[in-house]
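Overview (structure and organization)
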Number of protein chains: 2
Amino acid sequence: MNMEKNGKREGASSLESVPGFRAAAIAAEFRDWPKPRNDLALIVADAPASAAGVFTRNQVAAAPVKIDRKHLKASGGVARALLVNAGVANACTGREGRDNALKCIRRLGGRIGAPDEQVLIASTGVIGVQLPLAKMEKGIDKAVSGLGKGKPGDFARAILTTDLRPKESFAVLDGEGGVVMAGACKGSGMIAPNMATMLAFVLTNAAVAPKALAAALDEVVPSTFNMVTVDGDTSTNDSLFLLASGTTRTPAIGKSSGKLFGRFVDGLHQVCLSLSTQIAADGEGASKLVRVRVTGARKRREAAVAARTIAESPLVKTAMFGNDPNWGRVICALGRSDAAVDEEKVSMSLCGCAMFAKGAPLPFDKAELSGLMRAEEVELLIDLGLGKAEAVALTCDLTHGYITINADYTT
Amino acid sequence: MNMEKNGKREGASSLESVPGFRAAAIAAEFRDWPKPRNDLALIVADAPASAAGVFTRNQVAAAPVKIDRKHLKASGGVARALLVNAGVANACTGREGRDNALKCIRRLGGRIGAPDEQVLIASTGVIGVQLPLAKMEKGIDKAVSGLGKGKPGDFARAILTTDLRPKESFAVLDGEGGVVMAGACKGSGMIAPNMATMLAFVLTNAAVAPKALAAALDEVVPSTFNMVTVDGDTSTNDSLFLLASGTTRTPAIGKSSGKLFGRFVDGLHQVCLSLSTQIAADGEGASKLVRVRVTGARKRREAAVAARTIAESPLVKTAMFGNDPNWGRVICALGRSDAAVDEEKVSMSLCGCAMFAKGAPLPFDKAELSGLMRAEEVELLIDLGLGKAEAVALTCDLTHGYITINADYTT
C-alpha cells in the first residue's frame, strides 16, 4: 500500500510523533527470531489519557485481554501506559499467565508512577507458553529509559510477528488546532504455532472524554476492522486500543454527538480504514486486495453479513487468485449468507465490468475481465436490489502461498 | 474408502439392484467431456414409490430444486421417476430454465405413464447456462429404453462431475425379509465454472409411508450430510432423494416412531454416513479425511456448531495437511464458534494423543504425533466438559491441490 496516500509527512507522522505520548521499542529477545529485532514496545502518556479498547469476541481470551477489559473498566477509561510484547501471546496460560502479566503491569506502573489499572498490556505470539518474566522485567526497565529516544516507525516494527511489512496510518484532524491521530497495527501473520492476532494502536492528542472515545470506536470498528477477513479466524488476542492525550487547546469532546464528535469519528474512520485495508492487503500469501462491496441491502447488518460471507468463501478467494471472473461462486456464497437475497434482483460487476443483472448472467469478454483482475486491488460489487444499505468487506486472494505458510511444519 | 466395509456383495449392491426400481445411464453429450462418459442417469419405479427429499438452504436455488420441492408437495410424497443430468446445473437460468426442466419432466412422464408431479429432476454442472433441451429429450428417450440394461455402478458414475471416484453404499436392513437399501452420491468436485454440488440418491424396497420417509431423512441428515464440509460452501443445487418402492412383504412402516421405524432410520443412517464420509474423503485436493468429534457439549446443536466451525477453519485444515499438531488453532476456532465454551474445561486429543486438558496444554511428543497424522484418516477429539451432547463433523485437509483445482482458470 502507498502510505503517502494517508498524508504521511516524513518524520512527523508515526505514533512516535503524537503530542502527549512517548514511545520506545527494544529487543528483549523473547524468541529466537530469524534476524535480530525489537520485540517489546511501549507507549507512555505524560499525563493520564482517555482510553478505550475493543477486544476479540473469541470465548477463549488471552490473559492480557482479560486484564485490559478489567483495567479499562476499573480506571473509568483512563490509561498512562500500554506495553506490547511480540513472541508470546500469553493465551491458554492459566493463573500463572495472568499473574505474570500483572507483575509486568505492576513493574511498569511503578517505574512511571501510575496505578495498575492505568496500565494496559497486549501480547502476540505463541500460545500456551508462559511469558518469560525475567526478560519482560528487564525489558520494561530498558524500554522506560528509552522513551522518546527511538525513531519514527520503531513501535510499528516492534509489534510485528509474521507480517511482511509494518502498517501505519496518520491523519490531521484539525490543521489549525494541531490535532493529529496516528495508528499502527499488525495482523494476518501466521506460522505454526502462532496465532493470527490483530493488534491495533491509535493515539491522538485530541481531548476526548473516555465515554466519547469508546463511542467513537464503536462507530468505526464495525465498518473497518470487523470487515477485514483473511481466513475468517479471530484470535484469542485481537485488540484495538485508542488513547487521547488531550494536550491540544482545541475544545474537548465531552459527548458522543455533535459536530466535533462527528469530525473526530471521521478522522478515526480514515485511520482505521487505512490500517484494516493494509491488514487485508498483507494477508498471508496474498497477491491482491479484494474489496467486496454490497449495496442495495435492506439493512446495514445484512449488507455486512453478505459481504463477509462472500469475502470468506474459499471458492471466491481462489477464483480471485486464478483471475477467474466466476460470478457463480459469488452468487453461491451470497445465497447461503444470512442476508435476505432475491436472486432475480441481484446484479454484480467485477473490476467495473457487469457480469450479472436481475438474476441472469450477462455476456462479457472473459479474457478481458480476467486481464483486469490481474491487479493489486480488485473490486467486486454486488447490488441486492432490496433497499439502500451498504457495506464493504476486505480480504485477499487464497493462494498457494497461504497453504505453504500455514502447512509448513517442521518438528 | 473400502466399500467392502459396507457389506457390498458384488453385482447385487448398487442402486441397480434394489427391487422395485430400474436404472439407466446413457451418454447425452451435454458437454465436451475430457473422455467419453455417461451424463444422463435415470431411476424409474415400477409403481408409484414413496419419496422424500432434502434440498439446499441456499436462497439461490436452481430450477430443478424449486420444481422438486413443488412436486414432492403436490404428489403427497410419491414419485415414479428421477432424472439426473450432469454438465449443466440449470441454476440462474430464469423462466426459460424452469420451462426446459418442466418439458423434460413432461416428456419422461409421458414415456413411462406418470403424471408430472411424480417425476423429479436433479442437475449438476455449469451455472447460468440453459439445459440443452434437444439433447435432453433425445437422451430421455434413450435412457427409458435402456432401463434395467446397464451394469451395477452405471448410475453412480453417470452423475459425477469432477469427483475422483464414484461413491456408493449398500445396507441390508432385514436379511430375512430381503429389505435392502442402496445409495449413490456425488460432491466436492469443483472446477471453474462449475458448482460444488452435492447430490445423493437412496433407494430401498422397504414399504414406508411418505411422511415416515420424510421424517427418517430429517433424523439422519443433520448428523451425516449436514456435517460434511469441504470448504463451507453450499451450492444452488444440493439435493438428497430417498425413494421406497415397498415391494417387500415385510410390514409397512406407517409412522415415524416405533421399532420398525427405528430400525429403518438406523439403516438409513448407516448408508448416509458412508456416503457423506466418502464425500469428505474425496474433497478436492484432499490427502486425508479429518473427523472432528466434539463431546461434552450442553446441547447437540452446540456440539454440531463447534465441530463444524473447527472443521471449516482454514488454519485447522492446513495444519492437518502439514501434519502439525496445532491445538492452538483448534482452540481458536472453537472459541469463536457459537457453542458455549469454558476454556478451563476443554480437553483435546488428536490421533489418540492427549494435547490439552482442563484449559492448559499437555506435554506430548510432537514428532511422534506429527507422524501419526500422516494417515488417511485423522481424528480430532474435543471435549467441552459442559454436558453430554456430541457431534461429529467430517472434512478433509486444505492442500495445494485445492488451490490448483480451484484457481486454475484458462479462458
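Because the structure is predicted, anything quoted here is derived from the model rather than measured. (Residues numbered from 1 in each chain as written. Chains lettered and ligands numbered in written order. Predicted model: local features only at pLDDT ≥ 70, side-chain atom pairs only at ≥ 80, totals over all residues. Heavy atoms only, no water.)

1. Describing the overall build of chain A
Looking only at helices and strands, one finds 11 helices and 14 strands in chain A. Against the compact-globule benchmark of 22 Å for 411 residues, chain A has a radius of gyration of 22 Å, which places it among compact chains. Each of the three principal axes of chain A carries a C-alpha extent, and together these read 70 × 55 × 40 Å. Of all intrachain contacts in chain A linking residues separated by at least 6 positions in sequence, the fraction that spans at least 24 positions is 80%. (Helix = DSSP H or I, 4+ residues; strand = E, 2+ residues; numbered from the N terminus. Rg over C-alpha atoms; globule rule 2.2 N^0.38 Å. Contact = heavy atoms within 4.5 Å.)

2. Examining the sheet that holds strand β10 (residues 347–350) of chain B
Hydrogen bonds between backbone atoms are what pair the strands of a sheet, whose relative direction is either parallel or antiparallel. Residue and element names in this part refer to chain B. Pairing is mixed across the open sheet formed by 6 strands, whose spatial order is β12-β11-β10-β13-β9-β14. Two strands in the sheet have a free side with no partner beyond their single neighbour: β12 (360–361) and β14 (389–396). Note that strand β9 (residues 289–297) and strand β13 (residues 377–383) share 7 bridges and pair parallel. Its bridge partner being in β13, valine 294 is matched across the sheet by isoleucine 382. The sheet strands contacting helix α7 (residues 300–312) are β9, β13 and β14, and the helix crosses β14 at an angle near 20°. (Pairing = 2+ DSSP bridges. Axes fitted to C-alpha atoms, helices over the stretch in contact; angles between N-to-C directions.)

3. Description of the interface of chain B and chain A
Interfaces are often described in size by the accessible area the parts lose on coming together. With 61 residues of chain B at the interface, the matching set in chain A holds 62 residues. Linking chain B with chain A are 2 salt bridges. Between B:Lys66 and A:Glu343 there is a salt bridge; the shortest N-O distance is 3.4 Å. Between the two partners, chain B and chain A, sit 15 residue pairs in polar contact (both at pLDDT 80 or more). Contributing elements (two or more residues each) for the side of chain B that touches chain A: α8 (314–321), α9 (327–336), α10 (366–373) and α11 (400–407) of chain B. Among the elements that make up the side of chain B that touches chain A, the one with the highest residue count is α9(B) (9 residues). For the side of chain B that touches chain A, the per-class residue count stands at 30 nonpolar, 22 polar and 9 charged. (Salt bridge = Lys/Arg side-chain N within 4 Å of Asp/Glu carboxyl O. Polar contact = N/O pair within 3.5 Å; in protein donor to acceptor, adjacent residues only side chain to side chain. Nonpolar A, V, L, I, M, F, W, Y, C, P; charged D, E, K, R; others polar.)

4. As for the side chain of B:Thr229
Residues and elements named next belong to chain B. Position of threonine 229 among the secondary structure elements: in the loop between α5 (210–220) and β8 (239–244). The class of threonine 229 is buried, set by a relative accessible area of 2%. The residues contacting threonine 229, other than those within four sequence positions of it, are Arg308, Ala311, Glu312, Lys317, Leu394, Thr395 and Cys396. (Buried < 20%, exposed > 50% of the residue type's maximum accessible area, 1.4 Å probe, protein only.)

5. Things to note about the environment of B:Ser337
Take B:Ser337: it is sitting in the loop between α9 and β10. Given the relative accessible area of 6%, B:Ser337 is considered buried. Counting along the chain gives 27 residues from B:Ser337 to B:Ile310, while the straight-line C-alpha distance between them is 8.0 Å. Apart from the residues within four sequence positions on either side, B:Ser337 is in contact with A:Gln59, B:Val305, B:Ala306 and B:Thr309. From its side chain, B:Ser337 meets the backbone nitrogen of B:Ala339 in a polar contact 3.2 Å long.

6. What to know about unusual backbone geometry
All names here are of chain B. At cysteine 351, a residue that is not glycine, the phi angle is positive and equals roughly 50°. Taking relative accessible area as the criterion, cysteine 351 reaches 23% and is therefore assigned partly exposed. In this model, lysine 358 sits at a positive phi of 45°, which is unusual for a non-glycine residue. Inspection of the secondary structure puts lysine 358 in the loop between β11 (353–357) and β12.

7. With respect to the packing of α7(B) against α9(B)
Residue and element names in this part refer to chain B. Where α7 meets α9, the closest approach of the two axes is 8 Å, and the angle between their N-to-C directions is 135°. By the angle between their axes, α7 is oblique relative to α9. Of the two possible hands of crossing, α7 and α9 adopt the one that is right-handed. Two secondary-structure elements touch here, α7 through Ala306, Thr309 and Ile310 and α9 through Val330, Ala333, Leu334 and Arg336. Here the residues of the contact of α7 with α9 sort into 5 nonpolar, 1 polar and 1 charged. (Parallel < 35°, antiparallel > 145°, perpendicular 65-115°, else oblique. Left-handed = near helix turned anticlockwise from the far one by under 90°.)

8. Let's talk about the pairing of strand β5 (residues 167–174) of chain A
Residue and element names in this part refer to chain A. Sheet analysis places β5 next to strand β6 (residues 179–186), joined by 7 bridges and oriented antiparallel. Residue pairing for β6: alanine 171 is matched across the bridge by methionine 181. As consecutive antiparallel partners, β5 and β6 are separated by 4 residues, and within that stretch glycine 178 has a phi angle of approximately 65°, a positive value.

9. As for the relation of the copies chain B and chain A
You can overlay chain B on chain A at an RMSD of 0.0 Å; the transform is a turn of 180° with a shift of 0.0 Å along its axis. Both chain copies can therefore be described as sitting about a two-fold axis. For chain B, the smallest separation between a C-alpha atom and the rotation axis is recorded for B:His400, amounting to 2.9 Å. (Least-squares fit on C-alpha atoms with pLDDT ≥ 70 in both.)

10. Points about the domain arrangement of chain A
Residue and element names in this part refer to chain A. We note that the domain assignment places domain 1 (2–281) and domain 2 (289–407) within chain A. Computed from C-alpha atoms alone, the centre-to-centre distance between domain 1 and domain 2 is 32 Å. Taken together, the contacts link 16 residues of domain 1 with 19 residues of domain 2. The contact between domain 1 and domain 2 buries some 1300 Å² in all, and 56% of this surface belongs to carbon and sulfur atoms. By the criterion of area lost to domain 2, the three top residues of domain 1 are Met227, Thr229 and Ala280, representing 42% of everything that side buries. Taken together, the connections running from domain 1 to domain 2 amount to 0 salt bridges. Residues that form the side of domain 1 that touches domain 2 fall into these classes: 8 nonpolar, 6 polar and 2 charged. (Domains from an automatic or database assignment. Buried area = accessible area lost by both parts, 1.4 Å probe.)

11. Thoughts on the pattern of salt bridges
Residues and elements named next belong to chain A. Evaluation of the coordinates by the stated rule reveals 31 salt bridges over all chains. Between aspartate 99 and arginine 98 there is a salt bridge, and its shortest N-O distance comes to 3.2 Å. Its relative accessible area of 34% is what places arginine 98 among the partly exposed residues.

12. As for the environment of B:Ser223
All names here are of chain B. Mapped onto the elements of the fold, serine 223 is located in the loop between α5 and β8. Along the primary structure serine 223 and lysine 73 are separated by 150 residues, whereas in three dimensions their C-alpha atoms are 25 Å apart. When near neighbours in sequence (up to four residues on either side) are disregarded, serine 223 contacts His269, Leu273 and Arg300.

13. As for the packing of aromatic side chains
Using the criterion set out here, one finds 8 aromatic pairs over all chains in the structure. Taking the centre distance of 4.9 Å and the plane angle of 35° together, the rings of A:Trp327 and A:Phe356 count as tilted. Of this pair, A:Trp327 sits in helix α9 (residues 327–336) while A:Phe356 sits in strand β11 (residues 353–357), and the two are 29 residues apart along the sequence. Looking at A:Phe356, the relative accessible area reads 1%, which means it is buried. The interplanar angle of 85° and the centroid separation of 5.2 Å between the aromatic rings of B:Phe155 and B:Phe201 together place this pair among those described as edge-to-face. Of this pair, B:Phe155 sits in helix α4 (residues 154–158) while B:Phe201 sits in strand β7 (residues 199–204); the two residues are 46 residues apart in sequence, bridging distant segments of the chain. Among the residues examined, B:Phe155 registers a relative accessible area of 0% and is labelled buried. Put simply, the rings of A:Phe55, A:Phe155, A:Phe201 and A:Phe241 pair up and form one aromatic cluster. (Phe/Tyr/Trp six-rings, centres within 6.5 Å; stacked < 30°, edge-to-face > 60°.)

14. A short note on the packing of helix α2 (residues 94–112) of chain B against helix α3 (residues 133–145) of chain B
Residue and element names in this part refer to chain B. The geometry of α2 relative to α3 is characterised by a closest axis approach of 10 Å and an angle of 20° between their N-to-C directions. As the angle between them shows, α2 and α3 are arranged roughly parallel. Classified by chirality, the crossing of α3 by α2 is right-handed. Of α3, the residues touching α2 (which contributes Asn100, Lys103, Cys104, Arg107, Leu108, Arg111 and Ile112) are Leu133, Met136, Glu137, Ile140, Asp141 and Val144. The residue makeup of the contact of α2 with α3, split by class, is 7 nonpolar, 1 polar and 5 charged.

15. Comments concerning the pairing of β13(B)
All names here are of chain B. Burial along β13 is one-sided: the residues Val378, Leu380 and Ile382 are buried and none of Glu377, Glu379, Leu381 and Asp383 is. When β10 meets β13, the two strands line up antiparallel, connected through 4 bridges. Paired with serine 347 across the bridge in β13 is aspartate 383.

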